[in-house]
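# Remarks on the overall topology
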Amino acid sequence: TRHSVRQFDASKELSNQQISDLCWAALGMSRDDNHRTAPTAMNRQEIRLFVFTKAGVYEYDAKANKLIKKADGDKRELMASNGGNAGFKQDFVLNAPVSLLMVIDYDKFGSSDEKATMMCCVDAGNVSENINLYCQAVGLATVPRATHDTNSIKALLADRKSVV
């Protein structure tokens with residue numbers, strides 16, 4: 001019954017435990033310290049996961065199973081807009097208590113050529129499906145998206161090596 005939802009209740013927040021469980025399902029450590037809940041090509045583990053909430057932006061540290069604060073304050077607007085495309089905005093994102101952003105770290109993958117990009121995008125799809133299935137299983141709304149303000153997010157995260 002997994003399906004995309006674009007209506008969120010702005011008054012509902014996720015608990016710290018729900019966010020922790022969501023991040024672990026998306027990209028947590030499983031079996032041992034060298035495997036993740038989502039497979040990646042050649043086990044490169046090049047997908048990084050960022051969590052945008054009203055309180056701030058965090059990066060998920062899978063090995064420690066914790067969030068590391070990257071920015072204070074509500075930056076979900078960056079996840080709702082397309083940056084350079086005036087007038088294009090997905091306002092429903094502002095009502096979602098959490099937005100997750102996957103970033104490809106090409107340094108971890110070892111290449112950024114066309115084939116590497118294709119493989120990394122497949123890996124991001126694996127993470128996305130884990131997110132979708134977890135949300136469906138616990139009754140949370142979710143929708144995969146690719147629209148966001150890439151340049152502003154890169155500046156916010158001060159991350160020039162990875163693709164947002």
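Up top is the structure.
Overview of the structure. Residue positions within a chain follow its written sequence, with the count starting from 1. Predicted model: local features are reported for residues with pLDDT of at least 70 only, side-chain atom pairs are reported and counted for 80 or more only, and whole-chain, interface and lining totals are derived from all residues. The basis for every side-chain value is the complete set of heavy atoms in the structure, and neither hydrogens nor water enter the calculation.

## Considerations on the overall build of the protein
Cut-off, in case you're wondering: Numbered from the N terminus, helices here are DSSP runs of H or I no shorter than four residues, and strands are runs of E no shorter than two. Between the two quantities, the radius of gyration covers C-alpha atoms and the globule rule is 2.2 Å times the number of residues to the power 0.38. When accessible area is computed with a 1.4 Å probe and restricted to protein chains, residues below 20% of their type maximum are described as buried, those above 50% as exposed, and intermediate ones as partly exposed. Throughout, a residue-residue contact means that at least one pair of heavy atoms, one from each residue, lies within 4.5 Å. All accessible areas in this document rest on Shrake-Rupley with a 1.4 Å probe, and a residue is counted as covered only by the protein chains that are shown. Counted as positive: Lys and Arg. Counted as negative: Asp and Glu. His and the chain ends are not counted at all. A charge is said to be at NZ when it belongs to Lys, at CZ for Arg, at CG for Asp and at CD for Glu.
What the protein contains, in helices and strands, is 5 helices and 4 strands. The C-alpha atoms of the protein give 15 Å as radius of gyration, which agrees with the globular expectation for 164 residues (15 Å, within 12%). Each of the three principal axes of the protein carries a C-alpha extent, and together these read 40 × 35 × 30 Å. Within the protein, the proportion of its 164 residues that are buried is 43%. Long-range pairs, those at least 24 residues apart, make up 60% of the contacts in the protein with a sequence separation of at least 6. Here the protein has roughly 8700 Å² of accessible surface; of this, 49% comes from carbon and sulfur atoms. Treating the 21 positive side-chain charges of the protein as one cloud and the 20 negative ones as another, the clouds have centres 1 Å apart.

## A short note on the environment of Gly73
With respect to the helices and strands, Gly73 occurs in the loop between β3 (66–72) and α2 (76–80). In this structure, Gly73 is in contact with Thr53, Lys54, Ala55, Gly56 and Val57, ignoring residues within four places of it in sequence.

## Here we look at the packing of aromatic side chains
Going by this rule: Note on aromatic pairs: the rings of Phe, Tyr and Trp (six-membered ring only in Trp) are paired at centre separations within 6.5 Å, and the planes decide the class, stacked below 30 degrees, edge-to-face beyond 60, tilted for the rest. Note on criteria: charge over ring means Lys NZ or Arg CZ within 6 Å of the ring centre, with the direction from the centre no more than 35 degrees off the ring normal.
Evaluation of the coordinates by the stated rule reveals 0 aromatic pairs. Looking at Arg44, its charged tip hangs above the ring of Phe109, at a distance of 5.7 Å from the centre.

## Let's talk about the pattern of salt bridges
As a reminder, the rule being used: Whenever Lys or Arg places a side-chain nitrogen within 4 Å of a carboxyl oxygen from Asp or Glu, that contact is recorded as a salt bridge.
Enumeration over the complete set of coordinates arrives at 5 salt bridges. Note that Glu13 and Lys54 form a salt bridge whose closest N and O atoms lie 3.2 Å from each other. Note that Glu13 is positioned in the segment before α1 (16–27) and Lys54 in the loop between β1 (47–52) and β2 (56–61), a separation of 41 residues in sequence. Arg48 is the salt-bridge partner of Glu59, the closest N and O atoms lying 2.8 Å from each other.

## Considerations on the nonpolar core
Note the cut-off: Only buried Ala, Val, Leu, Ile, Met, Phe, Trp, Tyr and Cys residues count toward a nonpolar core, and they belong to the same one when joined by side-chain atoms within 4.5 Å.
By size, the foremost hydrophobic cluster in this structure holds 28 residues, and its most contacted members are Leu27 and Val127. Looking at this core, the elements that each hand over two or more residues are α1, β1, β2, α3 (106–109) and α4 (114–138). Broken down by element, the residue count for this core peaks at 7 residues, all from α4. Ranked by size, the runner-up nonpolar core spans 14 residues in total, among them Phe50, Ala71, Ala80 and Val143.

## Section: the layout of surface pockets
The following threshold applies: Within this scheme a cavity is a closed region of a 1 Å grid, computed over the protein atoms alone, that accommodates a 1.4 Å probe without allowing it to escape, whereas a pocket is open but has protein on both sides within 12 Å along at least five of seven lines; lining residues each have an atom within 4 Å of a point. Grid points are joined across faces, edges and corners, and a volume is the space filled by probe spheres set on the points. Just so you know the grouping, Ala, Val, Leu, Ile, Met, Phe, Trp, Tyr, Cys and Pro go in nonpolar, Asp, Glu, Lys and Arg go in charged, and all remaining residues, Gly too, go in polar.
Taken as a whole, the largest pocket spans an internal volume of roughly 890 Å³. As for the largest pocket, its lining consists of 40 residues, and the residues nearest its centre are Val98, Ser99, Leu100, Thr142 and Val143. Considering every element that reaches the lining of the largest pocket, the biggest residue donor is α4, with 7 residues. Partitioning the lining of the largest pocket into residue classes produces 27 nonpolar, 9 polar and 4 charged. Approximately 210 Å³ is the volume attributed to the second largest pocket. Around the second largest pocket, the lining is made up of 16 residues, and of these Asn16, Ile19, Thr53, Tyr58 and Leu67 lie nearest the centre. Every element with two or more residues in the lining of the second largest pocket is listed here: α1, β2 and β3. Among the elements that line the lining of the second largest pocket, the one with the most residues is α1, at 4 residues. Split into classes, the residues belonging to the lining of the second largest pocket amount to 9 nonpolar, 4 polar and 3 charged.

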